Amino acid sequence: MSNQTRRSFLKRSAFAGLFSSISATSYRATFAAESPSERVRVGMIGVGNQGGPRNNSKYFLKNIEAICDLDANYLAETAAFIKKEDNRSVTSTDDYRRLLDSKDLDAVVVTVPDQWHALMTIEACKAGKDVYCEKPLTLVIGEGKPMVNAARKHQRVVQTGTMQRSGLEFKYVTSLVQSGALGKVKEVNVTLPGPNWIDRAKKPAPDSAPPAGFDFDRWLGPAPVRPYNKNRVHYLFRFFWDYSGGQQTNFGAHHLDIAQWGLGMDNSGPVSVEGSGVFHPQGWYETPDSTSMKYTYANGVVMNCRQTPGIKSNKQGTEFICEKGTVFVTRGGIVASSPDVLKSLEVPAPLVHDGAIVTVPKEEKRFANIAHVGDFIHCVKTRATPAADISIGHRSATVCHLGNIAVRSGKKISWNPKSETIEGDVDAAKWLTKEYRAPYRLA
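The paragraphs below set out a description of the structure included in this document. (Residues numbered from 1 in each chain as written. Predicted model: local features only at pLDDT ≥ 70, side-chain atom pairs only at ≥ 80, totals over all residues. Heavy atoms only, no water.)

**Looking at the sheet that holds strand β6 (residues 158–160)**
Backbone hydrogen bonds are what pair the strands of a sheet, in a parallel or an antiparallel way.
Working step 1: Sheet architecture is open: six strands sit in the order β3-β2-β1-β4-β5-β6, paired in parallel fashion. Both outer strands of the open sheet, β3 (91–93) and β6, are each paired with one neighbouring strand and no more. Between one strand and the next, the sheet's axes are offset by a mean angle of 15 degrees, whatever the strand orientation.
Working step 2: In the sheet, strand β4 (residues 107–110) pairs with strand β5 (residues 130–133) via four bridges, with the strands oriented parallel. Within β5, the position partnered with V110 by the bridge is C133.
Working step 3: Across the sheet, helix α6 (residues 117–126) lies against β1 (42–45), β4, β5 and β6, angled at about 160 degrees from β5, the strand it touches most.
Working step 4: Against the sheet, helix α13 (residues 367–382) touches β1, β4, β5 and β6, its axis set at about 165 degrees to β5. (Pairing = 2+ DSSP bridges. Helix = DSSP H or I, 4+ residues; strand = E, 2+ residues; numbered from the N terminus. Axes fitted to C-alpha atoms, helices over the stretch in contact; angles between N-to-C directions. Contact = heavy atoms within 4.5 Å.)

The following block contains the structure:
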């Protein structure tokens, strides 16, 4: 394929339709213009932090019909936000099953701790609801297949909340790498931040009774029973194994996902993983402070993933080292080894190209979030496959979990991406599943 033909093809395929020079402001105006009869009606399950007014509730604002949370304060805050911003009152409940049973909702947004993702997504699919489920899609690898099977059986649209899949800078880089313009990929480097538990919690706190208006037992759900502790819930849940996988599944669900995408491995994965980690010396939280992991793919490509405390946000991301150059992508920007690396693919607006550097203008900072939600809404209407389909979310989460298994077990993991099994190590294979607390079970 000639360079000119390749450029033309990639321009058509990667940036056609919704993503062609449409600003975040244009997206908001488009969604707001929908008539009530055409509007996808959404129920929000979990409206604190990522699900709250600064994040998902803001992006789904025009579609929200009902909200659900086990924390009465989050419910009140989000209800007030919707009333202020859209002059509407919506149904509020602490029981997500009411949303699944409602005939007035088309879809639900699942923004809850990871131990609940599989159960809620599967139940929503059975109830005939389409689902936008936050990342990481799963708590353990073994939950992924049942989730995918439920979506397929019930013919549901399920979008994983890895919004970088809809970010122009990430679409640009993955298209560039896959085009072959830079030659074969030799190596991939993924850099993740260290934990921010101390930034948020400051120091350990004693166990206590849960505050009024917060149903802690239902918050635990399938996780083991334990006393309430304010430094294990809400945002901080992600640093304890019963509920999440640390920054490896938090930011790894984004940056390792981009690596999988660029390598053309959305339906596959590595064949071996090994790694090590350093943990907090006093055990204030359970997930690692820092890690170093090596993934090897069947084609010989090696991917290094490192969790580095204190690293700046613009240094967190995914780097592809190819035969003809190197390209690094992070939220809001791209850095190439030379200007020539970026010449084989035309940079789409609103990205700004300046030599070997591409930036996303400040006013378009939330473009990926808006576009990702827009993609989901569009797919609910058309029944098309979303940008981060549940099968992609499962495979990318699997890569994250394999790294954690290697670090926690201290073993080199042999992975069969076709059968999705750990080979030759019965003990390591036990990490693929997790026992649910009765009466919860994975259907």
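More follows now that the structure is in view.
**Observations regarding the packing of helix α8 (residues 168–179) against helix α12 (residues 252–262)**
A packed helix pair is summarised by two numbers, namely the angle formed by the two axes and the spacing between the axes.
Working step 1: It is at 9 Å that the axes of α8 and α12 come closest, and there the two elements cross at 35 degrees. Pair α8 / α12 crosses with right-handed handedness. Here F170, K171, T174, V177 and Q178 of α8 come into contact with α12, specifically with I258, W261 and G262. (Left-handed = near helix turned anticlockwise from the far one by under 90°.)

**Quick look at the pairing of β4**
Working step 1: Across the two faces of β4 the burial is the same, with A107 and V109 and V108 and V110 all buried.
Working step 2: Across four bridges, β1 lies against β4 in parallel orientation. Residue pairing across strands places G43 opposite V108, the latter belonging to β4.
Working step 3: Read from β4 through α6 to β5, the crossover connection turns out right-handed. (Buried < 20%, exposed > 50% of the residue type's maximum accessible area, 1.4 Å probe, protein only. Right-handed = clockwise from strand over helix to strand, strands pointing away.)

**Let's talk about the packing of aromatic side chains**
A ring pair, where both rings are aromatic, is described by two values, the distance of the centres and the angle of the planes.
Working step 1: The tally for this structure, following the rule as stated, stands at 14 aromatic pairs.
Working step 2: Seen in terms of ring centroids, F60 and Y132 are 5.3 Å apart; in terms of plane orientation they differ by 80 degrees. Their pairing is edge-to-face. Separated by 72 residues along the polypeptide, F60 in the loop between α3 (56–59) and β2 (64–68) and Y132 in strand β5 bring together distant segments of the chain.
Working step 3: Under the relative-accessibility criterion, F60 is labelled buried at 0%.
Working step 4: Both rings, one in F214 and one in Y228, keep their centres 6.1 Å apart while their planes meet at 65 degrees; by these two values the pair is edge-to-face. (Phe/Tyr/Trp six-rings, centres within 6.5 Å; stacked < 30°, edge-to-face > 60°.)

**Section: the environment of Y285**
Working step 1: With respect to the helices and strands, Y285 occurs in the loop between β8 (272–278) and β9 (290–296).
Working step 2: On the basis of relative accessible area, Y285 is assigned to the buried category, the value being 5%.
Working step 3: Remark: the alpha-carbon pair of Y285 and F237, spanning 48 residues in sequence, is separated by 9.5 Å.
Working step 4: Setting aside anything within four residues of it in sequence, one finds Y285 in contact with P195, W197, I198, F239, F240 and H280.
Working step 5: At a separation of 2.4 Å, a polar atom in the side chain of Y285 contacts the side chain of D289. (Polar contact = N/O pair within 3.5 Å; in protein donor to acceptor, adjacent residues only side chain to side chain.)

**Here we look at helix α7 (residues 144–153)**
Working step 1: For α7, the set of buried residues is G144, M147, V148, A150 and A151. Down the axis of α7, the buried set is contained in an arc of 160 degrees. They therefore lie on one face.
Working step 2: Elements in contact with the buried residues of α7: α6, β6 and α14 (390–409). (Arc of directions from axis to C-beta.)

**Re the pattern of salt bridges**
Working step 1: Across all of its chains, the model carries 23 salt bridges by this definition.
Working step 2: Salt-bridge contacts for D389 lead to R152; the nearest nitrogen and oxygen are separated by 2.5 Å. Of this pair, D389 sits in the loop between α13 and α14 while R152 sits in helix α7, and the two are 237 residues apart along the sequence.
Working step 3: A relative accessible area of 7% means that D389 is categorised as buried.
Working step 4: Of the charged contacts, one joins D242 and K434 as a salt bridge, the two residues approaching to 3.6 Å between their closest N and O atoms. A residue pair is termed long-range when its members are at least 10 positions apart, and D242 in the loop between α10 (216–220) and α11 (247–250) and K434 in the segment after α15 (426–429) qualify at 192 residues.
Working step 5: Three or more residues joined by partner-sharing salt bridges are found here, namely R39, K62, E65, D86 and R88. (Salt bridge = Lys/Arg side-chain N within 4 Å of Asp/Glu carboxyl O.)

**Section: the sheet that holds strand β17 (residues 421–422)**
Working step 1: Read across the open sheet, the 11 strands follow the order β14-β15-β13-β12-β11-β7-β10-β9-β8-β16-β17; overall the sheet is mixed. Only two strands of the sheet have a single neighbouring strand rather than two, namely β14 (352–354) and β17.
Working step 2: Sheet analysis places strand β7 (residues 185–193) next to strand β10 (residues 302–308), joined by seven bridges and oriented parallel. The residue bridging E187 from the neighbouring strand is V302, located in β10.

**Focus: the nonpolar core**
Working step 1: Among the nonpolar cores identified, the biggest contains 53 residues, and V188, Y295, M303, F320, V327 and L342 are the most heavily contacted of them.
Working step 2: Other than its neighbours up to four places away in sequence, V327 contacts V173, V177, L182, T318, E319, F320, I334, V335, A336, V341 and L342. (Core = buried A, V, L, I, M, F, W, Y, C linked by side-chain atoms within 4.5 Å.)

**Focus on the side chain of T249**
Working step 1: Position of T249 among the secondary structure elements: in helix α11.
Working step 2: Residue T249 is classed as buried on the basis of its relative accessible area of 0%.
Working step 3: At 3.1 Å, the side chain of T249 and the backbone nitrogen of G245 are in polar contact.
Working step 4: If near-sequence neighbours (up to four positions away) are discounted, T249 is found in contact with D114, K135, P136, S244, C400, H401 and N404.

**With respect to the packing of α12 against α14**
Working step 1: Remark: α12 packs on α14, axes separated minimally by 9 Å, with the N-to-C direction vectors making an angle of 110 degrees. Between α12 and α14, the angle falls in the class roughly perpendicular. Between α12 and α14, the residues in contact are G252, A253, L256, D257 and Q260 and I392, R395, S396, V399 and C400, respectively.
Working step 2: A breakdown of the residues in the contact of α12 with α14 according to their chemical character gives five nonpolar, three polar and two charged. (Parallel < 35°, antiparallel > 145°, perpendicular 65-115°, else oblique. Nonpolar A, V, L, I, M, F, W, Y, C, P; charged D, E, K, R; others polar.)

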